[in-house]
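One-letter residues, chain by chain:
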Amino acid sequence: MRPTDIRVPDYFHKVVDCQWACPAHTPVPEYIRLIAAGRYSDAYMVNWESNVFPGILGRTCDRPCEPACRRGRVEEENLEKAEPVAICRLKRVAADNKDDITKRLPKAGKKNGKRVACIGAGPASLTVARDLAPLGYHVVVYESDKKAGGFMRTQVPRFRLPESVIDEETGYILDMGVEFRSGQHVDSLKKIIAEGYDAIFVGTGAPRGRDLDVPGRKEAAKNIHIGIDWLSSVSFGHIDKIGRRVIVLGGGNTAMDCCRSSKRMGGEEVKVIVRSGFEEMKASPWEKEDAMHEGIPILNYMVPKTFEHTNGRLTGMTFEKVKAVYDDKGRRSLVPTGEPDELVECDDVLIAVGQENAFPWIEKDIGLEFDKWGLPVVDKVTMQSTLKNVFFGGDAAFGPKNIIWAVAHGHEAAVSIDKMLSGEDMAARPDPNVRVLSQKMGIHEWSYDNDVSPEERHIVPWAAAEKTLKSIKIEVELGFDPKTGFKEAQRCLNCDVQTVFTKDACIECDACVDICPMDCITFTQNGDEPDLRTRLTAPSLNLTQDLYVSDSLKTGRVMVKDEDVCLHCGLCAERCPTGAWDMQKFLIQMTHAGPACRDSHEKTRKAA
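Since the model is a prediction, treat every value here as computed from it, not as a measurement. (Residues numbered from 1 in each chain as written. Predicted model: local features only at pLDDT ≥ 70, side-chain atom pairs only at ≥ 80, totals over all residues. Heavy atoms only, no water.)

1. A word on the overall build of the protein
- Of the regular secondary structure elements, the protein holds 23 helices and 24 strands.
- Against the compact-globule benchmark of 25 Å for 608 residues, the protein has a radius of gyration of 27 Å, which places it among compact chains.
- On the principal axes, the C-alpha backbone points of the protein span a range of 90 × 65 × 50 Å.
- Sequence-distant contacts in the protein: of pairs separated by 6 or more residues, those separated by 24 or more amount to 71%.
- In the form shown here, the protein has an accessible surface area of approximately 27,100 Å², with 50% of it arising from carbon and sulfur atoms.
- Of the side-chain charges in the protein, 81 are positive and 92 negative, and the distance between the mean point of each set is 4 Å. (Helix = DSSP H or I, 4+ residues; strand = E, 2+ residues; numbered from the N terminus. Rg over C-alpha atoms; globule rule 2.2 N^0.38 Å. Contact = heavy atoms within 4.5 Å. Areas by Shrake-Rupley, 256 points an atom, 1.4 Å probe, with all protein chains shown as cover. Lys, Arg positive; Asp, Glu negative; His and termini not counted. Charge placed at Lys NZ, Arg CZ, Asp CG, Glu CD.)

This is the structure in structure tokens:
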């Protein structure tokens, strides 16, 4: 294998698995260390730079960072303890305990004469506004509702996300000189284009819930509701009750919000029914757990056949029982079990079987292309549509995902708009800002706590069920208090503090091999990667993560470290008699719209 070039920014970035997995690439270990130090405002600002909505995401994020967390892998031998750090809920600790950070936020920049329209005030549009307003762009945000937030406000129940948190974090952005046109429904893209904006960003989400066309749907329509529309009506106070017996159809997070909301609005017998298996449900594992914790059963492998009704009144649903069968290529199909159909009695049904985009307001004759699924044709890097100055992001671009993906899209679109309106090639994406600094303070002293905490993942406390199940507005999760937040933060393995090896200082004494608690360091002859992996001290099981390979040493051997196994404990650096090992903090910050983005491109062009 060739020696590893650690100067390539992506190398160590991939080692910080949580940050690599986060669509907005939030520097997770950095803000967790700040939380452990009690520097909550600093931790909040590190989050705010990347993910824009720390308080909101600390309650609602889909947590792609947590399955990637190394903590869950290094503890796999004891499955009861194989739990990732509670990264998402630590984000909330920073948000709940910060000081007033308004003076640390950027202000509206001196106007540069360029105008940008953002259609929809959801997370993607607000991210674009936040990135561009401080640069002097006049950003106009159109929103049909009275308040900003998009689906964060209209579809996430208040028992998960208090309105005060939404008001606070959307307010930070609107206070940057953004022109917010609330209650203004956009019914024509052609009209927006005619207003002469230099760029237009569409962040309208996926506002249409899929329906279910089975017999009885029309006859019993009064008590059959589309899930996302029903959640919006609940949010705005248009609906305040539901029948005693409720069926929720669907296995995603929207279905989980529907069933838990129903439980708080009069539903005594609430059931979730899905056509696939429990493990195949799209809902996050913790969302399913929360629903079941509140006494809501999830019934699977049941396919809807009919809505039963009497004189237009819904009385129940009939389901066909199926099972999963796999062919020789592993493809799944659902086939009837042969059992009799099952009747489930109910008073109301909430349909949450998926969402889709709806663009009736975009004219078909303006040159904007759509694909066969009705989605706009959008460049996945620049977020640009087939109309030069029209960009899409969030669910409006690629279909339903989650808030953190919408934020990531907003950042990328803002970079593209800024580069386009500055006369630069938007396809030339800016390099991130990377710093690598030694953490050594003495022979055995480091500027960070490198002890590995043996504690198991801490459980977030809940408010009493007798209170939360009586009100749609009482927040269920109480969040970690500072003491528990500190303990959970200590579980982080500091994966951004890298073990850096200097071959010329190595005397090949193997002291690092002897002291490594994970056996992740091997000195051996070089070879092709498949062969080299078979000769490592510890089995190399994760082939997707790189090996750290040195250049040839004096004996002709090479040092090989399996990045998947390393704890970043620093014992190798403490033990090394020559200082061949060092612990260096790697901090990568993605470059957002602004001078750094443009200057980096200028330097690239001059160098070329």
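Now that the structure has been shown, the text picks up again.
2. Brief notes about the environment of phenylalanine 307
- For phenylalanine 307, the location among the structural elements is in strand 10 (residues 302-310).
- Linking phenylalanine 307 and arginine 245, residues 62 residues apart in sequence, is a C-alpha distance of 14 Å.
- Those residues within four positions of phenylalanine 307 in sequence are excluded, and the remaining contacts are Leu212, Val214, Pro215, Gly216, Arg217, Ile224, Leu314, Gly316, Met317, Val349 and Ile351.

3. Remarks on helix 8 (residues 87-97)
- Helix 8 sits mainly inside the fold: nine of its 11 residues count as buried.
- On its buried face, helix 8 sits against helix 2 (17-21), helix 3 (28-36), helix 4 (40-51), helix 5 (54-60), helix 6 (65-68) and helix 19 (482-489). (Buried < 20%, exposed > 50% of the residue type's maximum accessible area, 1.4 Å probe, protein only.)

4. With respect to the pairing of strand 8 (residues 269-273)
- Taken together, the five bridges between strand 7 (residues 245-249) and strand 8 define a ladder with parallel strand orientation. Considered in strand 8, the bridge of leucine 249 is made with isoleucine 273.
- Assessed by its sense of winding, the connection that carries the chain from strand 7 through helix 14 (residues 253-264) to strand 8 is right-handed.
- Bridging between strand 8 and strand 9 (residues 298-299) involves two bridges; their strand directions are parallel. Bridge pairing in strand 9 links valine 272 to isoleucine 298.
- Remark: the strand 8/helix 15 (residues 285-293)/strand 9 crossover connection has right-handed handedness. (Pairing = 2+ DSSP bridges. Right-handed = clockwise from strand over helix to strand, strands pointing away.)

5. A short note on the packing of helix 4 against helix 8
- As a packed pair, helix 4 and helix 8 sit with axes 8 Å apart at the nearest point and diverge in direction by 120 degrees. Here helix 4 lies oblique to helix 8, going by the angle between them. Regarding helix 4 and helix 8, the two cross each other, and that crossing is left-handed. Where helix 4 abuts helix 8, its residues Tyr40, Ala43, Tyr44, Asn47 and Asn51 lie against Lys91, Val93, Ala94, Ala95 and Asn97. (Axes fitted to C-alpha atoms, helices over the stretch in contact; angles between N-to-C directions. Parallel < 35°, antiparallel > 145°, perpendicular 65-115°, else oblique. Left-handed = near helix turned anticlockwise from the far one by under 90°.)

6. Observations concerning the pattern of salt bridges
- As enumerated under the stated definition, the model contains 49 salt bridges in all.
- Of the charged contacts, one joins glutamate 30 and arginine 33 as a salt bridge, the two residues approaching to 3.0 Å between their closest N and O atoms. A residue pair is termed a helical-turn pair when its members lie 3 or 4 positions apart in one helix, as glutamate 30 and arginine 33 do in helix 3 at three residues.
- Note that arginine 260 and glutamate 294 form a salt bridge whose closest N and O atoms lie 3.0 Å from each other. Remark: glutamate 294 occurs in the loop between helix 15 and strand 9 and arginine 260 occurs in helix 14; sequence separation between them is 34 residues.
- Accessibility expressed as a relative area gives 3% for arginine 260, which makes it buried.
- Overall, the relative accessible area of 8% leaves glutamate 294 in the buried class.
- Connected via shared salt-bridge partners are Glu30, Arg33, Asp496 and Lys585. (Salt bridge = Lys/Arg side-chain N within 4 Å of Asp/Glu carboxyl O.)

7. Notes on the packing of helix 3 against helix 19
- Interaxial distance between helix 3 and helix 19 falls to 8 Å at its minimum, and their mutual angle equals 135 degrees. Taken as axis vectors, helix 3 and helix 19 run oblique relative to one another. Every pair of crossing elements has a handedness; the one defined by helix 3 and helix 19 is left-handed. Where helix 3 approaches helix 19, its residues Ile32, Ile35 and Ala36 are matched on the opposing element by Gly485, Phe486 and Ala489.
- Class assignment of the residues belonging to the contact of helix 3 with helix 19 gives a composition of five nonpolar, one polar and no charged. (Nonpolar A, V, L, I, M, F, W, Y, C, P; charged D, E, K, R; others polar.)

8. Thoughts on the packing of aromatic side chains
- A full pass over the atoms with the stated rule returns nine aromatic pairs.
- Ring centres of phenylalanine 12 and phenylalanine 586 lie 5.7 Å apart, and the angle between their planes is 65 degrees; this geometry places the pair in the edge-to-face category. On the criterion of sequence distance, the pair formed by phenylalanine 12 in helix 1 (residues 9-15) and phenylalanine 586 in strand 24 (residues 581-589) is long-range, its members being 574 residues apart. The residues phenylalanine 12 and phenylalanine 586 share a single accessibility class, namely buried.
- On the basis of an interplanar angle of 80 degrees and a centroid distance of 6.0 Å, the ring pair of phenylalanine 359 and phenylalanine 392 is categorised as edge-to-face. Residue phenylalanine 359 is found in the loop between strand 15 (355-356) and strand 16 (390-392), and its partner phenylalanine 392 is found in strand 16; the two are separated by 33 residues along the sequence.
- Taken together, the ring pairs connect Tyr11, Phe12, Tyr548 and Phe586 into an aromatic cluster.
- Over the ring of phenylalanine 370 we find lysine 364, and its NZ or CZ is 4.5 Å from the ring centre.
- Over the face of the ring belonging to tryptophan 405 we find lysine 401, whose NZ or CZ atom lies 4.1 Å from the ring centre. (Phe/Tyr/Trp six-rings, centres within 6.5 Å; stacked < 30°, edge-to-face > 60°. Lys NZ or Arg CZ within 6 Å of the ring centre and 35° of its normal.)

9. Focus: the sheet that holds strand 8
- Across the sheet, five strands lie side by side as 6-14-7-8-9; this open sheet has parallel pairing. With one partner strand each, in any of the chains shown, strand 6 (224-226) and strand 9 form the two edges of the open sheet.
- With four bridges joining them, strand 7 and strand 14 (residues 348-351) adopt parallel strand pairing. Looking at the pairing, leucine 249 lines up with isoleucine 351 of strand 14.
- In the packing of helix 13 (residues 227-235) onto the sheet, the strands contacted are strand 6 and strand 14, and the crossing angle to strand 6 comes to about 85 degrees.

Everything listed here is a matter of geometry and, on its own, says nothing about what the molecule does.
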